[in-house]
Amino acid sequence: MRRFLRPGHDPVRERLKRDLFQFNKTVEHGFPHQPSALGYSPFLRLMAIGTRSGAIKLYGAPGVEFMGLHEENNTVMQIHFIPDQCQLVTLLDDNSLHLWSLKQQGGASELREEHRFTLKGPPGSPPSATQVTAVLPHSSREVLYLGTESGSIFVAELPWLRVLEGRTISPEAVLQRIPEDNCNRRSCELVEALQEHPKNPDQILIGYSRGLIVLWDLQSNQATQHFLGSQQLENLYWQRDGSKFISCHYDGSYTQWPVSSDNKQSEPLENTVPYGPFPCKAISKIYWQTTKNGLPYIIFQGGMPRASYGDRHSISVIHGSQQTAFDFTSRVIDFFIIFSSDPAAEFDDPSALVALAEEELVVIDLKSAGWPAVHPPYLASLHCSAITCSHHVSNIPLKLWERIISAGSKQNMHYSSMPWPIDGGTNIAPDPPQRDLLLTGHEDGTVRFWDASGVCLHLLYKLSTVRVFLTDADPNDNMNTLGEDEWPPLRKVGTFDPYSDDPRLGIQKIYLCKYSGYLAVAGTAGQVLVMELNDEDAEHVVDHAEADLLQDQEGYRWKGHEKLKTRDGPVRFEAGFQPFVLVQCQPPAVVTSLALHSEWKLVAFGTSHGFGLFDHQQKRLVFVKCTLHPSDQLALEGPLSRVKSLKKSLRQSFRRIRRSRVSSRKRRGAAGNASEEMELAPVQRKIEARSAEDSFTGFVRTLYFADTFLRDSSRHCPSLWAGTNGGTVYAFCLRVPPAERRMDEPVRAEQAKEIQLMHRAPVVGILVLDGRSTPLPEPLEVAHDLSKSPDMQGSHQLLVVSEEQFKVFTLPKVSSKLKLKLTALEGCRVRKVTVANFGSCKTDDYSENDLAVLTNLGDIQIISLPFLKLQIRYPCIRKEDVSGIASCVFTKYGQGFYLISPSEFERFSLSTKWLVEPRCIVDMPEVTSNNHMHNKSGTENAARKSRGSGKSPGDCEEEDEGKSGRLMEHALLNDEKVLKEIQSTLEGGRGSFAERNSARSPLGHGLSNGGAD
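Residues numbered from 1 in each chain as written. Predicted model: local features only at pLDDT ≥ 70, side-chain atom pairs only at ≥ 80, totals over all residues. Heavy atoms only, no water.

**Section: the side chain of aspartate 451**
Operational definition: Secondary structure elements follow DSSP: runs of H or I no shorter than four residues count as helices, runs of E no shorter than two count as strands, and numbering proceeds from the N terminus. Working definition: with a 1.4 Å probe on protein chains only, accessible area under 20% of the residue-type maximum means buried, over 50% means exposed, and in between means partly exposed. In this tally, Lys and Arg are treated as positive and Asp and Glu as negative; His is ignored, and so are the chain termini. Whenever Lys or Arg places a side-chain nitrogen within 4 Å of a carboxyl oxygen from Asp or Glu, that contact is recorded as a salt bridge. Here a polar contact is recorded for every N or O atom pair within 3.5 Å, except that within protein the pair must consist of a potential hydrogen donor and a potential acceptor, and residues adjacent in sequence are included only if both atoms are side-chain atoms. Contacts are residue-level and defined by heavy atoms, with any inter-residue pair within 4.5 Å sufficient.
Looking at the secondary structure, you find aspartate 451 in strand 34 (residues 446-451). Here aspartate 451 sits buried without a salt bridge, and the closest side chain of opposite charge, arginine 907, lies 7.6 Å off (N-O distance). One polar contact links aspartate 451 to serine 453, side chain to side chain, over a distance of 2.7 Å. Leave out the neighbours within four places in its chain, and aspartate 451 touches Trp401, Asp436, Cys456, Leu457, His458 and Leu460.

So, in structure tokens, the structure goes:
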């Protein structure tokens, strides 16, 4: 039997791999890319956001998240929740309507698409005849009213979305009840707004674009009252008691109208241009909210004076003598007000304003004095300044965690203490097993600390490096200061600010030691800052040191940007991480690699010119090493230089062509000799060796500290390893004085080894394995009893990961022992690599360390240590998504993050044991007999593309295909093939009674009274 098994096939190992590895895309962190619509359900207390790519996301209490994707990937134009139901309707820009439901399955709720429908007119009619412009879900929960460009209002039956032909409200029927001298046919074109009477569900208010407003009685099917506005209508809003309504208009005015029982044209009670008398922009939406003290809240979007403030994005709040225009840095998509939803309540009593802008969500507390903003627990604007790098730290000690939170709370004093007002649903996911930090570096010189432990990515603390340097902007400037007589009364809100004072401030590398609290941050202009955590504000001088990486070599001239100028004298820093030393690389090129060893008090840094080692305890430079090749002229131009040598680029291209021709002739000449070799390895691709003359060979890609055997096998010593873009590995022996003489004796370094890889492929990772073939622990990890002491008895091994292969060397002789050719066999190149610990979901007693590798094709491969055997491969990121691949960061326990847009991280898991995903439930309302909620009718795609629930981390028995049935990826990352795979998986993975019925019912049809139509 054994002879029929494939070579290397081990059934026991295969079962173990199923217990260890499983790929899932679990949750999207951050702010949805290109939002286009907003909806809110006071009944469910859930908010919905639609995007231009056809995604729809629901949010409630922290941890309550659902996501769905329209098959068409069209822009979501409108979102409307069905009153008192777990259902909502979306309108897309292709004029299709989609009904979504929150269904409970497996103990958690899921968002599913139930029906879709496109309104079609009679043959030969223009598209505008049925182009939907306004949607009104009626409180009866039985019908939708659909206003169109032609002025007709169609009635669609719920939940099947079928048009009830006999109930259409035509423009002709409306005009019959209106005097001819007041209106003509064009007055009833384009329905702009539909609003149901708050006290009488048999009456709806119809607003037409040209200013005509009609109160329509649904029982008698006639207009009971009409109102003539002199300006183009934008929107309508009923007052709570139904005695008045308010309309807003294109000229920046709003008008209050009385509603009476007699069938007469009403005159307006009040017409106001709040920011007149000069021409103003349109007021696109308005609320009139009543309060107990008698003074209403008038809240509207737009209306700014065209000439002076026409470019502002604002929402104004007026309450008595108080008036504020909240000024957003990006376009406002929509907003809603959270107020008392109790029908028996006499007043609205608004509590919060929720505004969706193009780049962020802003919530304003209307109950507190001054109307402060509320700190959001999710939907963070990750890209408030563009993200330039990321760094993840797992299992943060509690003391450090509390100190970071304490520093962050002092920064959030200006936020409201109001509890988060959107609190629908219940989070039933298990508590995170540990505290994780995700650090993001930004273009404006800030580092943000995010709580990445659970589903919600929550901002804990923001660190700014700007105070160390002299910039054009004063950090003490307050953008919100306004004079008392300032008009309009603008007040800046939100955190999105994409403009950087100086691109040289950008953060490129971050390294945090969770045990000592030391933080190293490196930037675009060669600046390396070492910081420590201080719980109090402090004022001190930041020590400076320069590292000349060119070592005064002649013939080199830096053509890039200058270094940042530093502040003289003491600098005041707020509580948190405070820099105590600045190392400035010369030339001031981008820092490309960074390593910190907090036990030895050393920091290593590398650029495109070389690398250096700095003793941050003695504040002394230990050594620098220039890695620049004579041909590396491009390395001297800098990333911000616009001058590129076209001649040099062409010359290098021709050289490569010439070399490839010469080498191909040599190969043809030696074909006979190589025939045996080709037979032995027929699947290997021929990889051309890279020339030392290629640009950026001195670019330092990775730095690594290790306590290992470098000189001989009897004594181990501290060492520093560096890998370059040209395939060179440098190893330096370090002599670190003992603790009692640490401040008296200098740290000494001596180069011990230099390894040149044959193909000169860039080195992207270096790792030392101890005598048990286990990666060496992190600095101070053993001292905190969180790791076993490394085995110093057996021989150590060096693993060098280049873009093309993995190679194991013995130490200290550095002789080749084992290698895995990735590019030659797979045709891909390594982009990211890290050691991850994978635990079994079946038992707590077994775990192993493996390499998690991301390639330039977007695949993730797991490779075993120390034997370098490929365990499993998963497609993760599209190979065209270069920025997504470049932004990927792995965690220590087999999870990862990568940017799917400038504002969103996709979180994924490679482990069966460590899984963070939404798992929540929304309680269903009481079902009445007239809303047909008991009929679980659907389509064959009823469960298509939904996310919002999952299994617990221990439930890993299901296959990967079944798991992917509950997960879906953002539209930006899907191609047609993947969508079809997900759809077929979902259709095969959920065999509920509803779906078995839906497979037999055509799209747009449903069940009536428990039977088929």
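**Structural notes on the nonpolar core**
Put simply, the test is: To define a nonpolar core, start from buried Ala, Val, Leu, Ile, Met, Phe, Trp, Tyr and Cys residues and group those joined through side-chain atoms within 4.5 Å.
Within the largest apolar cluster, 55 residues are counted, with the highest numbers of intra-cluster contacts made by Met47, Ile299, Phe328, Phe336, Leu353 and Leu361. The next biggest cluster of nonpolar side chains, apart from the first, holds 35 residues, and it includes Val763, Leu776, Leu798 and Val808.

**Considering the environment of glutamate 172**
Residue position: glutamate 172 is located in helix 2 (residues 171-175). Assessed through its relative accessible area of 43%, glutamate 172 is described here as partly exposed. Along the chain, glutamate 172 and serine 152 lie 20 residues apart, while their C-alpha atoms are 8.9 Å from each other.

**Observations concerning the sheet that holds strand 26 (residues 322-328)**
Rules: If DSSP finds at least two bridges between two strands, the strands pair. Geometry is summarised by axes, namely lines fitted to C-alpha atoms with helices restricted to the contacting stretch, and by angles between N-to-C directions that run from 0 to 180 degrees.
Taking strand neighbours across the sheet as the criterion, the five strands line up as 23-24-25-26-36 in an open arrangement whose pairing is mixed. Two strands bound the open sheet, and with one partner strand each, they are strand 23 (283-289) and strand 36 (490-492). Adjacent strand axes in the sheet meet at a mean angle of 20° when their direction is disregarded. One ladder, built from three bridges, connects strand 26 with strand 36; its direction is parallel. Residue pairing across strands places phenylalanine 326 opposite arginine 491, the latter belonging to strand 36.

**Some thoughts on helix 4 (residues 398-411)**
For clarity, the threshold we go by: What a helix should span is 1.5 Å times the count of its residues minus one. Taken from the helix axis, the directions to the C-beta atoms give the arc we talk about.
Over its 14 residues, helix 4 runs 20 Å from end to end, which matches the ideal 20 Å to within 8%, given 1.5 Å per residue. Along helix 4, the residues classified as buried are Leu400, Trp401, Ile404, Ala407, Gly408 and Gln411. For helix 4, the buried positions fall inside an angular range of 130° around the axis, keeping them on one side. On its buried face, helix 4 is in contact with strand 33 (437-442), strand 34, strand 35 (458-464), strand 39 (527-534) and strand 43 (576-586).

**Comments concerning helix 1 (residues 11-20)**
Along helix 1, the residues classified as buried are Lys17, Asp19 and Leu20. Looking straight down helix 1, one finds that the buried residues subtend no more than 160° of arc, so they occupy a single side. Elements in contact with the buried residues of helix 1: strand 1 (21-30), strand 56 (830-839), strand 57 (847-855), strand 59 (870-875) and strand 62 (904-911). Where helix 1 begins, one side-chain oxygen reaches toward the backbone nitrogen of valine 12, 3.2 Å away; that side chain belongs to aspartate 10.

**Remarks on the side chain of serine 247**
Along the chain, the position of serine 247 falls in strand 19 (residues 244-249). In this structure the side chain of serine 247 is engaged in a polar contact, spanning 2.9 Å, whose partner is the side chain of histidine 249. Of the polar contacts made by the side chain of serine 247, one reaches the side chain of tryptophan 257; its length is 2.9 Å. Excluding anything up to four places from it in sequence, serine 247 contacts Ile213, Leu233, Asn235, Leu236, Ser253, Tyr254, Thr255 and Trp257.

**So, the confidence of the model for the protein chain**
Here is the rule we go by: A score from 0 to 100, pLDDT tells how confident the predictor is in each residue.
In the predicted model, the protein chain carries a mean pLDDT of 84, and the fraction of residues at 70 or more is 82%. Confidence over residues 927-1013 falls short of pLDDT 50; this stretch has 192 contacts with residues more than four positions distant or in other chains.

**Notes on the state of the cysteines**
What counts is decided by this rule: Cysteine sulfur atoms are paired as a disulfide whenever they come within 2.5 Å of each other.
In the structure shown here, the tally under the stated rule is zero disulfides. Here cysteine 456 stays unpaired: no disulfide links it, and the sulfur of cysteine 920, its closest cysteine neighbor, is 9.8 Å away.

**Brief notes about the pattern of salt bridges**
Side-chain pairs of opposite charge can arise whenever the charged atoms involved come near each other. Throughout the structure, instances matching the rule amount to 36 salt bridges. Among the ionic pairs, arginine 116 bridges to glutamate 72, the shortest N-O distance being 2.7 Å. One end of the pair, arginine 116, is in strand 9 (residues 108-118); the other, glutamate 72, is in the loop between strand 5 (65-69) and strand 6 (76-81), with 44 residues separating them in the sequence. Across the pair glutamate 750 and arginine 711 runs a salt bridge, and its minimum N-O distance is 2.8 Å. Residue glutamate 750 is located in strand 51 (residues 748-756), and its partner arginine 711 is located in the loop between strand 48 (700-708) and strand 49 (717-724); the two are separated by 39 residues in the primary sequence. Of the residues examined, glutamate 750 reaches a relative accessible area of 46% and is grouped as partly exposed. Judged by its relative accessible area of 47%, arginine 711 falls in the partly exposed class.

**Overview of unusual backbone geometry**
Of the consecutive residues leucine 158 and proline 159, the connecting peptide bond is found in the cis state with omega at 5°. Secondary-structure assignment places proline 159 in the loop between strand 12 (153-157) and strand 13 (162-163). The peptide bond linking glycine 276 to proline 277 adopts the cis configuration, its omega dihedral lying at 5°. As for its placement among the helices and strands, proline 277 is situated in the loop between strand 22 (270-272) and strand 23. One non-glycine residue with positive phi stands out, namely asparagine 221, at about 55°. When you line up the elements, asparagine 221 lands in the loop between strand 16 (212-217) and strand 17 (222-228). A positive phi angle, close to 55°, is found at asparagine 395, a residue other than glycine. Within the secondary structure, asparagine 395 sits in the loop between strand 31 (387-393) and helix 4. Take asparagine 395: its relative accessible area is 32%, and that puts it in the partly exposed class.

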